[in-house]
There are 2 protein chains.
Amino acid sequence: MATITDVAKQAGVSVATVSRVINNRGYLSANTKAKVQAAMDALHYQPNIAARNLHGKATHTVGVILPDIINPFYAELFQTVEQLLFAAHYQTVLCTTNGEPEKEKKYLRLMAANQVDGIISSTHNPDLADYQNPAVPTVAFDRVLSDQIPMVGSDNEAGGRLIGDYVAQHQPKCCLILAGSQEDLAPLSPRIAGMQAALAVTPSAVDQVAVPFDQPAPVRNQLIRQQLAEKDYDAILCTDDLTAITVFESYPADRWPLITGFDGSKFIRQYYPALTTVIQPLEDLCQLAIRLLRNNIDGGKEKAASYQLPVTLHVGQTK
Amino acid sequence: MATITDVAKQAGVSVATVSRVINNRGYLSANTKAKVQAAMDALHYQPNIAARNLHGKATHTVGVILPDIINPFYAELFQTVEQLLFAAHYQTVLCTTNGEPEKEKKYLRLMAANQVDGIISSTHNPDLADYQNPAVPTVAFDRVLSDQIPMVGSDNEAGGRLIGDYVAQHQPKCCLILAGSQEDLAPLSPRIAGMQAALAVTPSAVDQVAVPFDQPAPVRNQLIRQQLAEKDYDAILCTDDLTAITVFESYPADRWPLITGFDGSKFIRQYYPALTTVIQPLEDLCQLAIRLLRNNIDGGKEKAASYQLPVTLHVGQTK
DNA sequence: GACAATTCTGTAAACGATAACACGGTTTAT
DNA sequence: ATAAACCGTGTTATCGTTTACAGAATTGTC
């Protein structure tokens, strides 16, 4: 890799001059500007970001921490954030924790050591000490990490009520609320609370069960199948879309009960159009998260509020 | 952020000594070691990677470039690479190009400027000049980028034949080979060639059509629907799983024809167990890619070979 | 023609870490 | 007793870039 010194030599000027043309500051004659440009092109010169950063300049990099990237909701979250940040001339780096707090801690430190300008975190270990006094401006997604850190998320309870109301209209005799996902229960409990509240006004029997998320997929499938076999449920309310699809797939009968999900990623809407679910306003959530983060980066030390954005019901299309 | 100088001052030693305890090199008394450790803990010290890197040290970072992260195959590719690299004490950063060559170029430069140790690229712009003489050790995934760059991929043609043979067993009268995905045709054409070869020995009529991948999803759905309406196909061979699912979902009849995909990610196998597809050996592919990359990083300048790993047929389970 | 203002460009000190080198102080060997 | 080997620590140059400061060259003003 060519350095600024090589360019300076090649162009017959000092490094300071080269630096000036790179950053377009101070006075420059058209002549030297051209010479330096030519030298940079000839050598395929790229400024070393590390050296630049060492000088205290911003890295224009934002780190995103997610539990995984297989869940289409997280994949779309990342994609949306990345595109918005790219347009704002930031680069985005992704870290996935697979739910391991140790890995999360490691990556958090790594990001700080790499001098990211900010972090967007949507993980499930709010007790990490690193969040108590974040070294780097941070915004949390769908989870309160500490009172230092602003949070954006959906109105999960309202979403739960939307689903509960929808199910209630079908007057089920026996419902199951099925919690299960890579996540722990934190953003799930308001969803469940909303569902329960909406169903409370009906005469339905409502069971509730959680599938341990740390089991491999086949085990979870089997657990779900067992649970479904126990009773003759005519509505199954899942706390996320992937669980809902598992129920779809593992259901033995050919006449499905009413099955609902939660998250409503574009992927699910496109490839599982039959699923009734709650759509989280991903675009708005990301936009807000980025706005808060940039405020935070630019030193705006407003106090860390929580934002809950409204969700919408998506009724599955039957062909 | 505390610096090494702060730690040195706090511990009452020189920066060199602190550096020694960080890197565990040279002679150190237990006493100073403890003092320095205490100071580091007290200040929450994290070495600045930029400064370290400036010294010519490896960054232990690998960049991954993918077209997108929504396609479960890519998501799993990234996840697998990330986990393997994490175990090898590398960090992984992801860049997605959305098929925009301009963005790819930008990210490629950015990675070089960020001093990544290596790059794994699975994109679709082999004509980028940057690949001709890569600034950073690079390995290509499922695509030849240049003769400088080793490539790992699946035996796509064999996969096409597997699918073709499977379909041929069902003695279809009229088949459609449907190419469509975010990708251009490069890794798809051997798949198609394999399918054609296998079907050539049957009396089936075989149509072939490509759905433009740069259209938004609803448009593509509509195009697919139109194509399907034209004839009464009893087998549809798609060049990737997502296209196959789209066919599944958009098929008007309630008795599906034979539909096949390609890629066989775990996600698809779990959530679309009914789909017959070809499984790419993702774990092996990633392991090989990383091995080649690390060889390349460690200076091993073996010539850039291509590797095509064998694939397997996955027959969809009917409930 | 003298002096200031305006352009242009170079010198050198940072930034945070590493590591070669130097320099004392202990042991150990002879 | 003296040299050699071994420990423990500090001084300092270095990596690639930015930027304050200082000169030099040009232009403008009276």
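Residues numbered from 1 in each chain as written. Chains lettered and ligands numbered in written order. Predicted model: local features only at pLDDT ≥ 70, side-chain atom pairs only at ≥ 80, totals over all residues.

Considering the relation of the copies chain A and chain B
Going by this rule: Alignment of copies: least-squares fit on C-alpha atoms of residues with pLDDT of at least 70 in both copies. This entry defines residue contacts through backbone-placed C-beta atoms, with two residues in contact when those atoms are within 7 Å.
Structural alignment of chain A on chain B gives an RMSD of 0.1 Å, achieved by rotating through 180 degrees and translating 0.1 Å along the axis. Within this description, the copies of the chain are treated as partners about a two-fold rotation axis. Measuring from the rotation axis to each C-alpha of chain A, the shortest distance belongs to A:Ala50, at 2.2 Å. An overlap of 100% is found between the interface residues of chain A and their copies at the interface of chain B, pointing to a shared contact surface.

Focus on unusual backbone geometry
The bulk of non-glycine residues show a negative phi, and the bulk of peptide bonds are trans. Residues and elements named next belong to chain B. Note the cut-off: Put simply, DSSP H or I for four residues or longer makes a helix, DSSP E for two residues or longer makes a strand, and each gets a number counted from the N terminus.
Positive phi is not limited to glycine here, since glutamine 115 has a value of about 60 degrees. Among the structural elements, glutamine 115 can be located in the loop between α6 (101-113) and β3 (118-121). Despite not being glycine, aspartate 142 shows a phi value in the positive range, around 65 degrees. Following the sequence through the fold, aspartate 142 ends up in the loop between β4 (138-141) and β5 (151-154).

Some points on the environment of A:Leu199
All names here are of chain A. Inspection of the secondary structure puts leucine 199 in helix α8 (residues 188-200). As for leucine 199 and alanine 235, which are separated by 36 residues in sequence, their C-alpha atoms are 11 Å apart. Among residues more than four places away in sequence, those in contact with leucine 199 are Gly164, Val167, Ala168, Cys175, Ser204 and Val206.

Structural notes on the protein's contact with DNA strand C
Our working rule: Any residue qualifies as near a molecule or strand once its backbone-derived C-beta atom lies within 6 Å of it. Note on residue classes: Ala, Val, Leu, Ile, Met, Phe, Trp, Tyr, Cys and Pro are nonpolar, Asp, Glu, Lys and Arg are charged, and everything else, Gly too, is polar.
Taken together, 27 residues surround DNA strand C, and among them A:Ala16, B:Thr3, B:Ile4, B:Asn48 and B:Ala51 come closest. For the surface near DNA strand C, the secondary structure elements donating two or more residues are α2 (15-23) and α3 (30-43) of chain A together with α2 (15-23) and α4 (49-54) of chain B. Here the surface near DNA strand C takes five residues from α2(B), the largest share from any one element. Taken together, the residues of the surface near DNA strand C break down into 13 nonpolar, twelve polar and two charged.

Re the UniProt feature "domain: HTH lacI-type" (unreviewed entry) in chain A
Where we set the bar: UniProt positions are given in the numbering used here, feature names are shortened, and annotations may be inferred rather than shown by experiment.
Residues annotated in UniProt with the feature "domain: HTH lacI-type" (unreviewed entry) correspond here to residues 2-56 of chain A. Spanning residues 2-56 of chain A, this segment combines 67% helix with 0% strand, and its end C-alpha atoms are found 22 Å apart.

So, the protein's contact with DNA strand D
As a structural note, the neighbourhood of DNA strand D is formed by 29 residues, with A:Ile4, A:Ala16, A:Ala51, B:Ala16 and B:Tyr27 the closest of them. Breaking the surface near DNA strand D down by element, the ones donating at least two residues are α1 (4-11), α2 and α4 (49-54) of chain A together with α2 and α3 (30-43) of chain B. The biggest single contributor to the surface near DNA strand D is α2(A), with six residues. A breakdown of the residues in the surface near DNA strand D according to their chemical character gives 13 nonpolar, 13 polar and three charged.

Description of the pairing of β3(B)
All names here are of chain B. The cut-off we apply is this: Partly exposed residues are those whose C-beta has more than 12 but fewer than 20 other C-beta atoms within 10 Å; 20 or more makes a residue buried and 12 or fewer makes it exposed, with C-beta atoms placed from the backbone. Only when DSSP finds a minimum of two bridges between them are two strands counted as paired.
Residues Gly118 and Ile120 of β3 are buried on one face, and the alternating residues Ile119 and Ser121, pointing to the opposite face, are buried as well. Pairing between strand β1 (residues 61-66) and β3: four bridges, direction parallel. Across the sheet, valine 64 pairs through a bridge with isoleucine 120, a residue of β3. With three bridges joining them, β3 and β4 adopt parallel strand pairing. Each bridged residue has a counterpart across the sheet, and for isoleucine 120 the counterpart in β4 is valine 139.

Things to note about the interface of chain A and chain B
The interface is formed by 36 residues belonging to chain A together with 36 residues belonging to chain B. For the side of chain A that touches chain B, the secondary structure elements donating two or more residues are α4, α5 (72-87), β2 (91-96), α6 (101-113), α10 (241-250) and α11 (266-271) of chain A. Of the residues forming the side of chain A that touches chain B, the biggest block, six residues, is contributed by α5(A). In terms of residue class, the side of chain A that touches chain B is built from 22 nonpolar, nine polar and five charged.

Description of the sheet that holds β5(B)
Residue and element names in this part refer to chain B. What counts, and what does not: The axes are straight lines fitted to the C-alpha atoms, using for helices just the contacting stretch, and the angles between their N-to-C directions are given from 0 to 180°.
Strands sit in the order β2-β1-β3-β4-β5-β11 across an open sheet of six strands; the sheet is parallel. Lying at the two open borders of the sheet, with one neighbouring strand each, are β2 (91-96) and β11 (306-309). Shown here is a sheet whose adjacent strand axes are inclined to one another by a mean of 20 degrees, direction ignored. Packing of helix α5 (residues 72-87) onto the sheet brings it into contact with β1, β2 and β3, and relative to β1 it is tilted by some 175 degrees.

Re the packing of helix α1 (residues 4-11) of chain B against α2(B)
All names here are of chain B. Let me state the cut-off plainly: Comment on the angle field: the value is read as roughly parallel under 35 degrees, roughly antiparallel over 145, roughly perpendicular from 65 to 115, and oblique elsewhere.
Between α1 and α2, the shortest axis-to-axis distance is 8 Å and the interhelical angle comes to 105 degrees. Here α1 lies roughly perpendicular to α2, going by the angle between them. For the pair α1 and α2, contact is made by Ile4, Thr5, Val7, Ala8 and Ala11 and by Val15, Val18 and Ser19, respectively. Counted by class, the contact of α1 with α2 contains six nonpolar, two polar and no charged residues.

Side note on helix α12 (residues 282-297) of chain B
Residue and element names in this part refer to chain B. This is how it is decided: Helix span, as expected, comes to 1.5 Å for every residue beyond the first.
Over its 16 residues, α12 runs 22 Å from end to end, which matches the ideal 22 Å to within 8%, given 1.5 Å per residue. Lining the buried residues of α12 we find β1, α5, β3, β4, β5 and β11. One or two positions beyond α12, positive phi appears at glycine 299, with a value near 90 degrees.

Here we look at the environment of A:Ala200
Residues and elements named next belong to chain A. Counting through the fold element by element, alanine 200 comes out in helix α8. Residue class for alanine 200 comes out exposed when judged on the 11 C-beta atoms lying within 10 Å of it. Sequence-wise, alanine 200 and alanine 168 are 32 residues apart; in three dimensions their C-alpha atoms are separated by 9.3 Å.

Observations regarding the sheet that holds strand β7 (residues 205-210) of chain A
Residue and element names in this part refer to chain A. Spatially, the four strands line up as an open sheet ordered β7-β6-β8-β9, and their pairing is parallel. Every other strand in the sheet has two partners, leaving β7 and β9 (258-260) as the edge strands with one partner each. Adjacent strand axes in the sheet meet at a mean angle of 15 degrees, parallel and antiparallel pairs treated alike. Here α8 sits on the sheet and contacts β6 (174-179), β7 and β8 (235-238); the angle it forms with β6, its principal contact strand, is near 170 degrees.

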